[in-house]
Amino acid sequence: MRVFSTPEPLKKYISDNRGNGKEIGLVPTMGALHQGHLQLISKSIQDNSVTVSSIYVNPTQFNNQTDLKNYPRDLGQDILKLKKSGCQAAFCPSDEVMYPQKPLTTLNFDSLEEVMEGAYRPGHFQGVALAVSKLFHFIQPDRAYFGQKDWQQLVIIRQLVNDLGFAIDIVGVPTLREADGLAMSSRNQRLNHNQRTVASELYRAISLVKMKLEKLVGVDEARQMGVDYLRKFSSIHVEYLEVVHSTTLKQPMAELGSEPLSVCIAGLIGDIRLIDNVQVFQTD
Ligand code: AMP
């Protein structure tokens, strides 16, 4: 596996490969790799001749400096995992490489970022969009892979690609979970034993809301049942539990069952912030 830390040799590697008619897949990550990430990589390996995975903890998407400082990092282990995965190239830039000057460009996503993660983490998606746009420019992949675990991010990246005309197919990959339902996340490794035990209740709560929606219990009532369920767990502080239209992220308007919905949650367990979602009434 080739490991690059600057864009120029990476661009040359990509153009040499593309010259041979190969298709390029990109899997952007912030490292501390787990099976969820590896699932994206293996999907890319299936679809493309060359898979590039980026590892970069992007400071511009953190609105909380303590969260940035505490974010798990283990580049050595990540490289080993990538090598084992069959990924052909890793791009691991420094902050100086990604942002040689303080960036002044901002990308706004209007109603898509006024809710949920965008509301609780002001500027988060602007940071994500800037870093992802740079990766798209450097690598110009045919396909890029994003987890449904970060549903709002996936919706926003699709919007970014449409708005800026990137010729990149965005592939959304279902959320990989632990046996008790907890969505795999780099942040899970910061949970202590008791926190880890309670963490899967986030998934249980949104699954309860999903089940109620499928039984055509009204949106507000179903949502409230999820909120009430989590009240039993004093160590979980729910930031939001929302039922939104899956692509507009707006409040559901139509008759239940006639539009795709997403049940999204963010919760703090101690100082560890976890997010998750489940999809309801999806047509494909
Ligand atoms: P991150 O390193 O957390 O920025 O995640 C990198 C990519 O992996 C994002 O597209 C995430 O949505 C995706 N991802 C993270 N966890 C999971 C998971 N449990 N299942 C599927 N995709 C995931």
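So, here's what we can say about the structure.

The next thing to look at is the overall build of the protein. What the protein contains, in helices and strands, is eleven helices and nine strands. Taking 284 residues into account, the globule formula puts the C-alpha radius of gyration at 19 Å, and the protein, at 19 Å, falls close to it. By its C-alpha atoms, the protein is 55 × 40 × 35 Å across when sized along the principal axes. Within the protein, the proportion of its 284 residues that are buried is 52%. Split by element, the accessible area of the protein, about 13400 Å² in all, is 50% carbon and sulfur. Of note, the protein has its 30 positive side-chain charges centred 6 Å away from the centre of its 31 negative side-chain charges.

Moving on: the packing of aromatic side chains. Under the definition given, this model contains eight aromatic pairs. Here Tyr56 and Tyr99 contribute two aromatic rings whose centre-to-centre distance is 6.4 Å and whose plane-to-plane angle is 50°, an arrangement assigned as tilted. Remark: Tyr99 occurs in the loop between α5 (95-98) and α6 (116-120) and Tyr56 occurs in the loop between β3 (50-55) and α3 (65-70); sequence separation between them is 43 residues. Aromatic pair Phe136 and Phe166: ring centres 5.2 Å apart, planes at 75°, arrangement edge-to-face.

Moving on, we get to the side chain of Arg273. In this structure, Arg273 sits in strand β9 (residues 272-280). Polar side-chain contacts of Arg273 include one of 2.8 Å to the side chain of Glu117. For Arg273, the side chain forms a polar contact with the side chain of Glu239, separated by 2.8 Å. Beyond its immediate chain neighbours, meaning those up to four positions away, Arg273 contacts Glu117, Tyr120, Arg121, Arg187, Glu239, Tyr240, Ala266, Gly267 and Leu268.

This part is about the pattern of salt bridges. Counting across every chain of the model gives 15 salt bridges. For Lys43, the salt bridge is made with Asp47, and the minimal N-O distance between the two is 3.3 Å. Of this pair, Lys43 and Asp47 both sit in helix α2 (residues 35-47), four residues apart, roughly one helical turn. Using a relative accessible area of 29% as the deciding quantity, one classes Lys43 as partly exposed.

As a further point, take helix α11 (residues 219-231). Residues separated by three or four positions in an α-helix point in the same direction, a consequence of the helix having 3.6 residues per turn. For α11, built from 13 residues, the straight-helix expectation of 18 Å at 1.5 Å per residue is met to within 8% by its first-to-last C-alpha distance of 19 Å. Those residues of α11 that fall on the buried side of the exposure criterion are Val219, Ala222, Gly226, Val227, Tyr229 and Leu230. Along the axis of α11, the buried positions cluster into a sector of 160°, meaning they face one direction only. Looking at α11, the residues exposed on the side facing more than 90 degrees away from the buried face are Asp220 and Arg231. Residues of α11 that are buried in the fold lie against α10 (201-214), β7 (236-245) and β8 (261-269).

Along β8, eight of the nine residues are buried, which leaves the element largely enclosed by surrounding structure. Across nine bridges, β7 lies against β8 in antiparallel orientation. Paired with Glu242 across the strands is Cys264, a residue of β8. One ladder, built from nine bridges, connects β8 with β9; its direction is antiparallel. The residue bridging Ala266 from the neighbouring strand is Ile275, located in β9. Here β8 hands over to β9 after two residues, with Gly270 in that stretch at a positive phi of 60°.

What counts, and at which threshold
Residues numbered from 1 in each chain as written. Predicted model: local features only at pLDDT ≥ 70, side-chain atom pairs only at ≥ 80, totals over all residues. Heavy atoms only, no water. Helix = DSSP H or I, 4+ residues; strand = E, 2+ residues; numbered from the N terminus. Rg over C-alpha atoms; globule rule 2.2 N^0.38 Å. Buried < 20%, exposed > 50% of the residue type's maximum accessible area, 1.4 Å probe, protein only. Areas by Shrake-Rupley, 256 points an atom, 1.4 Å probe, with all protein chains shown as cover. Lys, Arg positive; Asp, Glu negative; His and termini not counted. Charge placed at Lys NZ, Arg CZ, Asp CG, Glu CD. Phe/Tyr/Trp six-rings, centres within 6.5 Å; stacked < 30°, edge-to-face > 60°. Polar contact = N/O pair within 3.5 Å; in protein donor to acceptor, adjacent residues only side chain to side chain. Contact = heavy atoms within 4.5 Å. Salt bridge = Lys/Arg side-chain N within 4 Å of Asp/Glu carboxyl O. Expected span 1.5 Å × (residues − 1). Arc of directions from axis to C-beta. Pairing = 2+ DSSP bridges.

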